[in-house]
Amino acid sequence: MKNFRILTVSTILLFLLLIILDTTDGIALWWYGLLFMFWFLMMAIASFSMSWKFYLKSITSNKIVTDKKIALTFDDGPNSEFTLKVLQILKDYNAKATFFCIGQNIETYPEILRAIADGGHDIGNHSFSHDLMIDFNSTERWLQEIKQTDNSIHKITGKKTTLFRPPFGVTTPKLAKALKVTEHKVIGWNIRSFDTVINNPQKILKRITKRVHPGAIILLHDKQSNVLLFLEHLLQFLQDHDYQAVTINELLHEN
Ligand SMILES: [Zn+2]
């Protein structure tokens with residue numbers, strides 16, 4: 001949020017400077033256009049870069065933890081085909097994870113959400129609709145999305161979640177305002193698997209294992225088949241290298 005203010009204030013100051021220069025010497029109109037373009041571009045790039053912490057404070061790793069602990073996070077479930085299989089693999093390796101669930105899917109598959117909770121994993125809020133146009137939401141609409149999903153999680157598991165992950169990892173001033181009201185911790189990641197883009201499970205595995213370090217938060221999805229092809233290998237790698245996969249709440253409480 002601090003960076004957001006710095007950009008806004010500097011843009012206003014530059015705009016005032018242009019007006020002063022314009023009234024004294026007269027400057028070409030495109031200077032204004034250039035300033036506007038710069039401001040617009042920075043705002044757009046910042047929306048997609050959670051680690052900039054531009055509009056809100058987000059957690060992308062635990063930088064101070066020295067124990068070999070990492071957090072696996074699965075987005076976009078519960079999924080009727082893959083989530084239960086993911087849970088079984090995690091159980092086989094005695095690993096805990098965090099599932100950022102979509103409210104709509106929770107309502108459709110409440111029993112799968114219950115299985116996640118029963119497995120001792122964390123559940124996070126990942127909006128209700130995960131709509132493609134969600135980032136154009138008003139603050140009011142965001143509040144609805146977040147509260148509706150929180151209520152579903154609570155109704156089904158009896159637990160309240162304090163974790164939120166923005167759909168598509170995009171943050172905006174309107175979302176920031178809504179999260180100020182709901183007081184969720186915003187959870188990003190610092191290892192992106194690209195498992196929704198890369199088809200080759202070996203490549204996904206290599207991307208992750210190359211980057212693993214204490215305190216890392218790894219972004220995965222439990223909505224497609226390739227998760228079943230690399231997850232076991234990933235957990236085997238973590239076990240061989242004495243890493244423990246823990247929930248986000250556990251990772252954040254580690255100092
Ligand atoms: Zn998502």
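See above for the structure.
Report follows, based on the coordinates. Here the structure is a predicted model, which means the values were calculated and not measured.

Overview of the overall build of the protein chain
No. 1: Check the secondary structure of the protein chain and you find 10 helices and 9 strands.
No. 2: Each of the three principal axes of the protein chain carries a C-alpha extent, and together these read 75 × 40 × 35 Å.
No. 3: Residue burial in the protein chain is summarised as follows: out of 255 residues, 49% are buried.
No. 4: When contacts within the protein chain are restricted to residue pairs at least 6 apart in sequence, those whose partners lie at least 24 apart make up 77%.
No. 5: With an accessible surface of roughly 13300 Å², the protein chain has 59% of that area assigned to carbon and sulfur atoms.
No. 6: Charged side chains of the protein chain number 28 positive and 24 negative; the gap between the two group centres comes to 4 Å.

Things to note about the packing of aromatic side chains
No. 1: Scanning the entire structure with this criterion turns up 7 aromatic pairs.
No. 2: For the ring pair Phe36 and Trp39, a centre distance of 5.8 Å and an interplane angle of 35° mean the geometry is tilted. Remark: Trp39 and Phe36 occur in helix 2 (residues 30-48); sequence separation between them is 3 residues, near one turn of the helix.
No. 3: Since its relative accessible area comes to 49%, Phe36 is described here as partly exposed.
No. 4: Seen in terms of ring centroids, Phe74 and Phe99 are 5.1 Å apart; in terms of plane orientation they differ by 20°. Their pairing is stacked. Taken together, the residues Phe74 in strand 2 (residues 69-75) and Phe99 in strand 3 (residues 97-101) connect sequence positions 25 residues apart. Comparing Phe74 with Phe99, the two get one shared label, buried.
No. 5: Ring pairs connect the aromatic residues Phe36, Trp39 and Phe40, which therefore count as one cluster.

Each value, and the rule that gives it
Along each chain, residue indices are assigned from 1 in the same order as the chain's sequence is written. In keeping with the predicted nature of the model, local features appear solely for residues at pLDDT of at least 70, side-chain atom pairs appear and are counted solely at 80 or more, and the whole-chain, interface and lining totals rest on all residues. Side-chain metrics in this entry use all non-hydrogen atoms of the structure; hydrogen atoms and water are not considered. Each helix is a run of DSSP H or I of at least 4 residues and each strand a run of E of at least 2, with the numbering of both proceeding from the N terminus. Only protein chains enter the accessibility calculation, which uses a 1.4 Å probe; a residue whose area is less than 20% of its type maximum is buried, one above 50% is exposed, and one in between is partly exposed. Residues count as neighbours in contact if any of their non-hydrogen atoms are within 4.5 Å of one another. For accessible areas, the Shrake-Rupley method is used with a probe of radius 1.4 Å. Any residue's cover is judged against the shown protein chains and nothing else. Charge assignment: positive for Lys and Arg, negative for Asp and Glu; neither His nor the chain ends contribute. Throughout, a charge is located at the NZ atom of Lys, the CZ atom of Arg, the CG atom of Asp or the CD atom of Glu. Only Phe, Tyr and Trp rings are paired, with Trp represented by its six-membered ring, and only when their centres lie within 6.5 Å; those with planes under 30 degrees apart are stacked, over 60 edge-to-face, the remainder tilted.

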